[in-house]
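# Structural overview
The primary structure of each chain is shown beneath.
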Amino acid sequence: MSEKNLEVSEAQIAVHWQEEEYFPPSTEFIAQANMADAGVFDRFSLDNFPNCFKEYADLLDWDEYWHTTLDTSDAPCWKWFVGGKLNVSYNCIDRHLEKNQNKAAFIYVPEPVEEPPVAITYRDLYNRVNEFAALLRDFCGVKQGDRVTIHMPMVPELPITMLACARLGAIHSVVFGGFSGKASGERVSDSGSNVLVVMDAYYRGGKLLEHKDKADQAVKVATDDGQEVDKVLVWQRYPGKYSAETPMVEGRDYFVNDLLKDYTGKRVDPVPVPAEDPLFLMYTSGTTGRPKGCQHSTGGYLAYAAGTSKYVQDIHPEDVYWCMADIGWITGHSYIVYGPLALGASSVLFEGVPTFPDAGRAWQIAEQLNVNIFHTAPTTIRMLRKAGPDEPAKYNYKFKHMTTVGEPIEPAVWRWYYDVVGRGEAAIVDTWWQTETGGFLCSTLPALSPMKPGSAGPAVPGIHPIIYDEDGNEVTPGSNIAGNICIQNPWPGAFQTIWGDRDRYVKQYYERYCANPESKDWRDWPYLTGDAAMQAPDGYFRILGRIDDVINVSGHRLGTKEIESACLIVNEVAEASVVPVNDELKGKVPDVYVSLKPGFDSGKEIQTKVIAAIDDSIGKIARPKNVYIVPDMPKTRSGKIMRRVLAAISNNQDVGDVTTLANPEIVDEVRKLVQGE
Ligand code: PRX
């Protein structure tokens, strides 16, 4: 076996489920679906590429209509709808006012049960976004192309801040609220933001958590990195009252609610920006330690988010749609904020955790708000199934459509979702996609194809996947043979580049199977998703997991290298290795192996320090299941740590042939330490 083949890949330890039966959508669902015409796949065939995407672009209002659908002159940085100008905040708010100003754009559900849901109408949203945009422009000097970092929880002020940036043509970079101040600071620095927008506190699991302290840490990290932060804008969870302990820094920190008094009734004309101007950055984990800023466009992104929301999510203007993700991830950007709002829908925004105060909370909210489209991740479904398998039956709601996203869903969990949550009536879509892709890649179109538990389904219209083997040969379509899944063609939702690092973008996503690096023809540049997959004879894809050093925890990506570098902050640690271990609820979680510098003894104290370092560098989301202190790591003769072997040990699997290692004897020692004698 070559060293290359010895490297760990999550796909190698993926669970292989058996083929499942089909579940057809109900006739009631089909009768009302936005897309019930099978001809859509012909319209979006490669023969009609790229012009087919005009259908999505025409869901938007353009200040100037575009002249070129796809410009490939800077391949593989694709430009969509070139020549066009538009404004995202106009498309998500202003254009709905004439007919629907009194309709709820968002329905905000605070976590404390005693705080009632708040409907924010399109008119309210218009007023609040205008006022905040005026503040950003006139008080902070934010203008088109500037970056603004937003580190906020799930409150309406988060999308208000994003839409205010979009109104000015500024680029927002939202950092997931659960990330640490350090993680936020690194993103502030990388994006070159001199304005940071935060919230003082928020509720989670019944507690009002301080959040402002993270801003102080973020500013420190950014400043140490050479990035000045001029202004920290602090929204208050209770306007007029400060719910954090950390002092406000004079001349730097400002309460938004105080400043807004000067902007009451102010209006800001939406700035029409070129379609290919960036709308936002979304940082995600990759194969190296530093998270990368995926740069998403304005026109292509919004068109794709709107098109997929309409046809895959089946959102109609009269629906009450609830995506129970966090806006701090791409799912929330595309499918809580931009897609639903572009379509003029009502989107539910929930502050808290779905098990607070009890495992029926999600279904109670669904009943209370009459939600009919529900969207969540397998990890949440597993959690709700475990915590309250009979809870859904106690509430009177009716879902017509449900989504699962972010990780493979086990057929048994899928069935509970279908039978108990959806009462056997709702159509389910299993949507496979990524931060980089802006919107869905594979999923059934809910009225057109039957569901199959455990499979994401065929590609969505206009997406043409291809599976390659390690040597670049195409795996026979429909052969159920696993390989590296790529997308043959560009699509409007695809990210444009990595912020400030085009080389890394090309190398990581396009180099692997590129036929000719000089080529300007998109056919030569398949997009490497980084996932392993196989395609069944019926054309459905089953996603097996990552082929790189990324762990998918509860549907969120964490780089093993990021966690390893956090471990190395601990003085006693000499080497660290992080591998995915299967977890009943979260799918995968990190297991940490560390070896110590000479002269240090293992003990609980070091484990505690390692955990604290990870919490501090990344956030609690990256907490390992176990921290093992080992005498040495299994290594190849060239000194590479064999993560595959550690992963096999963590998952109680066969370690395979280890005779070629430099130190084969260590494998059994580590195994005993982890699994016992
Ligand atoms: O491995 C795939 C997995 O999540 C990765 C993307 O993670 P992220 O960029 O954080 O975006 C998550 C939300 C879109 C993918 O490379 N993944 C995502 N959706 C699915 C999935 N794995 C299996 N089935 C899915 N439906």
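The paragraphs below set out a description of the structure included in this document. A quick note: this is a predicted structure, and the numbers were derived from the prediction, not measured.

## What to know about the overall build of the chain
Of regular secondary structure, the chain possesses 20 helices and 30 strands. The C-alpha radius of gyration computed for the chain amounts to 24 Å, which stays within 12% of the reference 26 Å derived for 677 residues, consistent with globular compactness. Looking at the chain as a whole, 64% of its 677 residues qualify as buried. A total of about 24,500 Å² of accessible surface is found on the chain, and carbon and sulfur atoms cover 49% of it. The chain carries 66 positive and 92 negative side-chain charges, and their two centres are separated by 2 Å.

## Digging into the site of the ligand
Taken together, 17 residues lie around the ligand, and Asp430, Thr431, Thr435, Asp531 and Arg546 are the ones closest in. Aspartate 531 is positioned such that a nitrogen or oxygen atom in its side chain is 2.7 Å from an oxygen atom of the ligand. Within the side chain of asparagine 552, one N or O atom sits 3.0 Å away from an oxygen atom of the ligand. Considered on its own, the ligand offers 540 Å² of accessible surface; in the complex 96% of this is hidden by protein. For the shell around the ligand, the secondary structure elements donating two or more residues are strand 20 (427-431) and strand 25 (541-546). A per-class count over the shell around the ligand returns 5 nonpolar, 7 polar and 5 charged.

## Focus on unusual backbone geometry
Residue proline 50 follows phenylalanine 49 across a cis peptide bond; omega there is 0°. Relative to the elements of secondary structure, proline 50 occurs in the loop between helix 3 (40-43) and helix 4 (54-57). Look at the link from phenylalanine 356 to proline 357: it is a cis peptide, with omega at 0°. Positionally, proline 357 belongs in the loop between strand 17 (346-350) and helix 13 (361-369). The residue asparagine 370 is not glycine, and still its phi comes out positive at about 60°. For asparagine 370, the location among the structural elements is in the loop between helix 13 and strand 18 (373-376). In this structure asparagine 370 comes out as exposed when scored by relative accessible area, which is 56%. The phi angle at asparagine 480 is positive, at roughly 60°, despite the residue not being glycine.

## Notes on the pattern of salt bridges
A complete count under the given rule lists 43 salt bridges for this structure. Two residues, lysine 386 and glutamate 584, come together in a salt bridge whose shortest N-O distance is 3.9 Å. Placement of the pair is lysine 386 in helix 14 (residues 378-387) and glutamate 584 in the loop between strand 28 (573-583) and strand 29 (587-596), with a sequence separation of 198 residues. In terms of burial, lysine 386 and glutamate 584 fall into one category: exposed. Of the charged contacts, one joins aspartate 531 and arginine 546 as a salt bridge, the two residues approaching to 3.8 Å between their closest N and O atoms. Taken together, the residues span a long stretch of sequence, with aspartate 531 in strand 24 (residues 527-535) and arginine 546 in strand 25 at a distance of 15 residues. Here the residues in one salt-bridge network are Glu19, Lys452, Asp538 and Arg542, joined through shared partners.

## So, the packing of aromatic side chains
Evaluated as defined, the whole model comprises 49 aromatic pairs. Residues tryptophan 322 and phenylalanine 350 carry aromatic rings whose centres are separated by 6.0 Å and whose planes lie at 90° to one another, so their mutual orientation is edge-to-face. Highlighted residues: tryptophan 322 in strand 16 (residues 320-323) and phenylalanine 350 in strand 17, separated in sequence by 28 residues. The class for tryptophan 322 is buried, based on a relative accessible area of 0%.

## Overview of helix 8 (residues 181-191)
Most of helix 8 is tucked away, with 8 of its 11 residues classed as buried. Buried residues along helix 8 sit against strand 6 (147-152), strand 7 (171-176), strand 8 (195-199), helix 9 (212-224), strand 14 (278-284) and helix 18 (604-617). Just beyond helix 8, the residue with positive phi is glycine 192, at close to 70°.

## As for helix 15 (residues 411-421)
When helix 15 is considered as a whole, its buried residues turn out to be Pro411, Val413, Trp414, Trp416, Tyr417, Tyr418 and Val421. Of the residues flanking the end of helix 15, it is arginine 423, one or two places downstream, whose phi is positive at about 55°.

## What about the sheet that holds strand 17?
What the 7 strands build is an open sheet, ordered 5-4-17-16-18-19-20; its pairing is mixed. At either end of the open sheet lies a strand with only one pairing partner, and these are strand 5 (118-121) and strand 20. Geometrically, the sheet is characterised by an average inter-axis angle of 20° between neighbouring strands, direction not taken into account. In terms of strand pairing, strand 19 (residues 401-405) meets strand 20 through 5 bridges, oriented parallel. Looking at the pairing, threonine 404 lines up with aspartate 430 of strand 20. Strands strand 4 (104-109), strand 16, strand 17, strand 18 and strand 19 of the sheet are contacted by helix 12 (residues 330-342), whose axis makes an angle of about 165° with strand 16.

## A word on the environment of isoleucine 463
Here isoleucine 463 shows up in the loop between strand 20 and strand 21 (465-468). With 414 residues separating them along the chain, isoleucine 463 and phenylalanine 49 place their C-alpha atoms 9.9 Å apart. Excluding residues within four positions of it along the chain, isoleucine 463 makes contact with Tyr304, Phe440, Leu441, Ile487, Asn489 and Trp491.

## A short note on the sheet that holds strand 7
With mixed pairing, the 8 strands of this open sheet are ordered in space as 12-11-8-6-7-14-15-23. In this open sheet, the two edge strands, each paired with only one partner strand, are strand 12 (253-255) and strand 23 (497-498). Taken together, the 6 bridges between strand 6 and strand 7 define a ladder with parallel strand orientation. What sits directly across from isoleucine 150, in strand 7, is valine 174.

Thresholds applied
- The residue numbers shown here count from 1 along each chain, following its written sequence.
- Local features in this predicted model are restricted to residues of pLDDT 70 or higher, and side-chain atom pairs are both shown and tallied only at a pLDDT of 80 or more, whereas totals for entire chains, interfaces and linings draw on every residue.
- Calculation of side-chain values draws on the structure's entire complement of heavy atoms; hydrogens and water are dropped beforehand.
- What counts as a helix is a DSSP run of H or I of at least four residues, what counts as a strand is a run of E of at least two, and both are numbered from the N terminus.
- In this setup the radius of gyration rests on C-alpha atoms only. A globule is expected at 2.2 Å times the number of residues raised to 0.38.
- Burial here depends on accessible area, computed with a 1.4 Å probe over protein chains only, as a share of the maximum for the residue type. Under 20% is buried, over 50% is exposed, and the range in between is partly exposed.
- Each accessible area is a Shrake-Rupley estimate made with a 1.4 Å probe; only the visible protein chains count as cover when residues are assessed.
- Note that His is not counted, nor are the chain ends; the positive residues are Lys and Arg, and the negative ones are Asp and Glu.
- By convention, the charge on Lys lies at NZ, on Arg at CZ, on Asp at CG and on Glu at CD.
- Nearness is defined per residue: one heavy atom within 4 Å of the molecule or strand is enough.
- Polar contact is the term for a pair of N or O atoms within 3.5 Å; when the atoms are in protein, one must be able to donate a hydrogen and the other to accept it, and sequence-neighboring residues count only if both atoms are side-chain atoms.
- Classification convention: Asp, Glu, Lys, Arg as charged; Ala, Val, Leu, Ile, Met, Phe, Trp, Tyr, Cys, Pro as nonpolar; all other residues, Gly among them, as polar.
- Basic side-chain nitrogens of Lys or Arg form a salt bridge, by our definition, when they fall within 4 Å of a carboxyl oxygen of Asp or Glu.
- Note on ring pairs: Phe, Tyr and Trp rings are taken, using the six-membered ring of Trp, and paired if centres are within 6.5 Å. Classes follow the plane angle, with under 30 degrees stacked, over 60 edge-to-face and the rest tilted.
- Contact definition: two residues touch when any of their heavy atoms are within 4.5 Å.
- Paired strands, in this sense, are two strands between which DSSP finds at least two bridges.
- Lines fitted to the C-alpha atoms define the axes, with helices restricted to the stretch that makes contact. Angles between their N-to-C directions range from 0 to 180 degrees.

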